[in-house]
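# Working through the structure, step by step
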Amino acid sequence: MRMVFECVECGGHYLPPEGMVYPDGPASPVWCSPCQTSKRTAGLREDPLLARLALATARAALARRAAEAAEPAAVGRADVRPSRPPLSRRARSGPGGLRGRLG
Ligand SMILES: [Zn+2]
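Residues numbered from 1 in each chain as written. Predicted model: local features only at pLDDT ≥ 70, side-chain atom pairs only at ≥ 80, totals over all residues. Heavy atoms only, no water.

### Focus: the overall build of the chain
The helix and strand inventory of the chain stands at 5 helices and 4 strands. Each helix and strand of the chain, ordered N terminal to C terminal, gives the series β-β-β-β-α-α-α-α-α. Per-residue burial over the chain gives 21% buried out of 103 residues. Across the chain, every contact between residues at least 6 apart in sequence was considered, and the portion connecting residues at least 24 apart equals 33%. Entry remark: accessible area of the chain is about 8300 Å², with carbon and sulfur atoms responsible for 59%. (Helix = DSSP H or I, 4+ residues; strand = E, 2+ residues; numbered from the N terminus. Buried < 20%, exposed > 50% of the residue type's maximum accessible area, 1.4 Å probe, protein only. Contact = heavy atoms within 4.5 Å. Areas by Shrake-Rupley, 256 points an atom, 1.4 Å probe, with all protein chains shown as cover.)

### Brief notes about the pattern of salt bridges
The final tally for this structure, using the stated rule, is 1 salt bridge. The salt bridge involving Lys39 is made with Glu9; its shortest N-O contact spans 3.1 Å. Of the two residues, Lys39 sits in helix 1 (residues 33-41) while Glu9 sits in the loop between strand 1 (5-6) and strand 2 (13-14), which places them 30 residues apart along the sequence. Overall, the relative accessible area of 16% leaves Lys39 in the buried class. (Salt bridge = Lys/Arg side-chain N within 4 Å of Asp/Glu carboxyl O.)

### Let's talk about the layout of surface pockets
Of the voids in this model, the largest pocket is the one considered here, and its volume is about 190 Å³. Lining of the largest pocket is provided by Val4, Phe5, Glu6, Val8, His13, Val30, Leu50, Leu53, Ala54, Thr57, Ala58 and Ala61. When contributions to the lining of the largest pocket are tallied by element, the ones reaching two or more residues are strand 1 and helix 2 (48-70). Here the lining of the largest pocket gets 6 residues from one element, more than from any other, and that element is helix 2. For the second largest pocket, the calculated volume is near 160 Å³. Taken together, Pro26, Ala27, Trp31, Gln36, Arg40, Leu44, Arg45 and Glu46 make up the full set of residues lining the second largest pocket. Of the residues assigned to the lining of the second largest pocket, the class counts are 4 nonpolar, 1 polar and 3 charged. (1 Å grid on protein atoms, 1.4 Å probe; cavity = no way out; pocket = protein on both sides within 12 Å on 5 of 7 lines; lining within 4 Å. Points joined across faces, edges and corners; volume = space filled by probe spheres on them. Nonpolar A, V, L, I, M, F, W, Y, C, P; charged D, E, K, R; others polar.)

### What to know about the coordination of the zinc ion
As a benchmark, a tetrahedral metal site with four donors has ideal angles of 109.5 degrees, while an octahedral site with six donors has ideal angles of 90 or 180 degrees. Every protein donor of the zinc ion is accounted for by Cys7 (SG), Cys10 (SG), Cys32 (SG) and Cys35 (SG), and the metal-donor separations fall at 2.2 to 2.3 Å. If you look at the zinc ion, its 4 donor atoms make angles of 103 to 116° with each other, and the shape they trace is tetrahedral. Expressed as a motif, the donor residue spacing for the zinc ion is C-x2-C-x21-C-x2-C. (Donors = N, O, S within 2.8 Å, 3.2 Å for Na, K, Ca; no water. Tetrahedral: all angles 85-135°; square planar, octahedral: opposite > 155°, others 65-115°.)

### Considerations on the environment of Gly19
With respect to the helices and strands, Gly19 occurs in the loop between strand 2 and strand 3 (21-22). On the basis of relative accessible area, Gly19 is assigned to the exposed category, the value being 58%. For the pair Gly19 and Arg2, spaced 17 residues apart in sequence, the C-alpha separation works out to 9.2 Å.

As structure tokens, then:
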């Protein structure tokens, strides 16, 4: 299975080759091949931090996809939702109401 990346330049999703190498050079984890080509032509290089982040994100997504494919039963378990919305309780016990009563 190949990793899917999102191009930071055009926002499109792309699938570089498994070895992250195109026939004409290494694939970028931040730019799709057309954007990478235009960046390289302009003399720009990818941000190494951004590249690492993109790689980690794509790896996590790939692992999740692989896990889902291997274990179809997990879909049923993932559907369990909290029975109560988490917001209402906090909204009532905010600092505003309490302070008004004390002062
Ligand atoms: Zn692009």
